[in-house]
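Coordinate analysis (summary)
As a plain string of letters, each chain reads:
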Amino acid sequence: MSSEWPLWEVFIRGQHGLNHRHVGSLHAPDAELAIKHARDVYTRRNEGVSIWVVKSADISASSPSEKGPLFEPSNDKVYRHPTFYDIPDEVGHM
Amino acid sequence: MYAQLVKSEGKSKAELTPEDHAFQARIDAGEKIEPKEWMPEGYRKTLIRQIGQHAHSEIVGQLPEGNWITRAPTLERKQILLAKVQDEAGHGLYLYCAAETLGVSRDELLEKLHSGDMKYSSIFNYPTLTWADMGAVGWLVDGAAIMNQVPLQRTSYGPYSRAMIRICKEESFHQRQGYAIMMKMANGTPEQKQMAQDALNRLWYPSLMMFGPSDKDSVHSVQSMAWKIKMNTNDELRQKFVDQTVPQAEYLGLTVPDPNLKWNEEKGGYDFSEPDWDEFFNVIKGNGPCNKERLGARVKAWDDGAWYREAMVAHAKKKAARRTVAAE
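Note that the coordinates shown come from a computational prediction; the quantities given were computed from them, not determined experimentally.

When helices and strands are tallied, chain A shows two helices and three strands. In chain A, the succession of α and β elements from N to C terminus is β-β-α-β-α. For 94 residues, the compact-globule estimate of 2.2 N^0.38 gives 12 Å, and the C-alpha radius of gyration of chain A, at 21 Å, exceeds that figure by more than 25%. The dimensions of chain A, computed from C-alpha atoms along their principal axes, are 65 × 35 × 15 Å. When contacts within chain A are restricted to residue pairs at least 6 apart in sequence, those whose partners lie at least 24 apart make up 43%.

Structure follows, in structure tokens:
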């Protein structure tokens, strides 16, 4: 049996109030150590206020080749954008 | 406001513990509170009520507009309305997720909506009678919601604040498409203009009620404002809404249905009539024109969808079992 540590994806909250953002990944034997390693690898310059780690194997991702079918349908829905509507300046910001 | 009359559960000064004081100090310093951090039980409960009510409003709010999707006057208008109603569903989901970080389950929240324990905004208990109402709802109802939601982007609870930021970004389209309908109607035939005026007449006061009761009757504001769950008083926001909306009505050539409406140079804002608060409390109690219909539609959708939810879980289980067999 391989004793290679599993891979973890690391998410850091940079400042109070912001979302956690993916910053990279690392190997660690368990979640607790993954957080400690993440602290050492990704926040040596005080980059964060909070860390999340998730086992890479637990992440389901869409494939880059699905980009078209997934996202193109919203291309022709320009009416979802506020700029689609001509609102005269006189009525103020809307 | 999408959350009205949210009961706040503060403690009296004498009951405050050192943890409570430290918590308040963090909020005063502008820090965000995140899900796993210590928080007073009252803060947690009040937030669940408020975010839950806000989420319910987004979901129930789909009904008055959904009512017109099949009858939109053009294909373009139908697409726009469909996109807006779809956004409202999305907004409800962002908010339910934010509430769930506080330890309440989605099913619990829905159960409380369906049983009447939790409310949604009173505005959605009014009917949408003509196509002009689609214009007035976007312009007035979404306008009032934006007025309330923009300051909530700075609320103290991180997940709520982030949901609000996302929602506000998507909300501008809602108000603009509504106002664009109003412009079209107001510049149309005399009958169309009359429909626009009629929609404004019916929705003006219910829109003013969205901000909740007058400050002198708003018993829960002080604690919620200290916790930065509520950022402005009801009357402040209502005044801002009136000041912003009256010139927009004038531009349309429509008349705000308030004989007492008058610019007050001294305060730099309009004087206006308060809505009928008896009507407001009556609607909140369940006696508005559409309360039964709205809640009935939600309960029916939930019950009718039960087989689908169960089938999807059964299918997922079957797929997982197949994968296990294949792996062996």
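The next subject is the pattern of salt bridges. Residues and elements named next belong to chain B. According to the stated counting rule, one finds 19 salt bridges over all chains in the structure shown. Note that D20 and K11 form a salt bridge whose closest N and O atoms lie 2.8 Å from each other. Given a relative accessible area of 40%, K11 falls into the partly exposed group. The residue E37 makes a salt bridge to R26 at a minimum N-O spacing of 3.2 Å. Note that E37 is positioned in the loop between helix 1 (18-28) and helix 2 (41-60) and R26 in helix 1, a separation of eleven residues in sequence. Judged by its relative accessible area of 22%, R26 is partly exposed. Salt bridges here are not isolated pairs; linked through shared partners, they connect E65, K84, E88 and D142.

Attention now goes to a positive patch on the surface. Residues and elements named next belong to chain B. A contiguous patch of positive charge on the surface is contributed by K318, K319, R322 and R323. Residue placement: R322 occurs in helix 13 (residues 306-327). The class for R322 is exposed, based on a relative accessible area of 52%.

Residue and element names in this part refer to chain B. Taken together, the buried positions of helix 5 (residues 106-115) are occupied by L109, L110, L113 and H114. Down the axis of helix 5, the buried set is contained in an arc of 135 degrees. They therefore lie on one face. Contacts from the buried residues of helix 5 go to helix 2, helix 4 (75-100) and helix 12 (291-304). In the segment just after helix 5, G116 is the residue with positive phi, at about 90 degrees.

Reading the values: rules and limits
- Residues numbered from 1 in each chain as written.
- Chains lettered and ligands numbered in written order.
- Predicted model: local features only at pLDDT ≥ 70, side-chain atom pairs only at ≥ 80, totals over all residues.
- Heavy atoms only, no water.
- Helix = DSSP H or I, 4+ residues; strand = E, 2+ residues; numbered from the N terminus.
- Rg over C-alpha atoms; globule rule 2.2 N^0.38 Å.
- Contact = heavy atoms within 4.5 Å.
- Salt bridge = Lys/Arg side-chain N within 4 Å of Asp/Glu carboxyl O.
- Buried < 20%, exposed > 50% of the residue type's maximum accessible area, 1.4 Å probe, protein only.
- Patch = residues over 30% accessible without salt bridge, like charges linked within 9 Å, V, L, I, M, F, W, Y side chains within 5 Å.
- Areas by Shrake-Rupley, 256 points an atom, 1.4 Å probe, with all protein chains shown as cover.
- Lys, Arg positive; Asp, Glu negative; His and termini not counted.
- Charge placed at Lys NZ, Arg CZ, Asp CG, Glu CD.
- Arc of directions from axis to C-beta.

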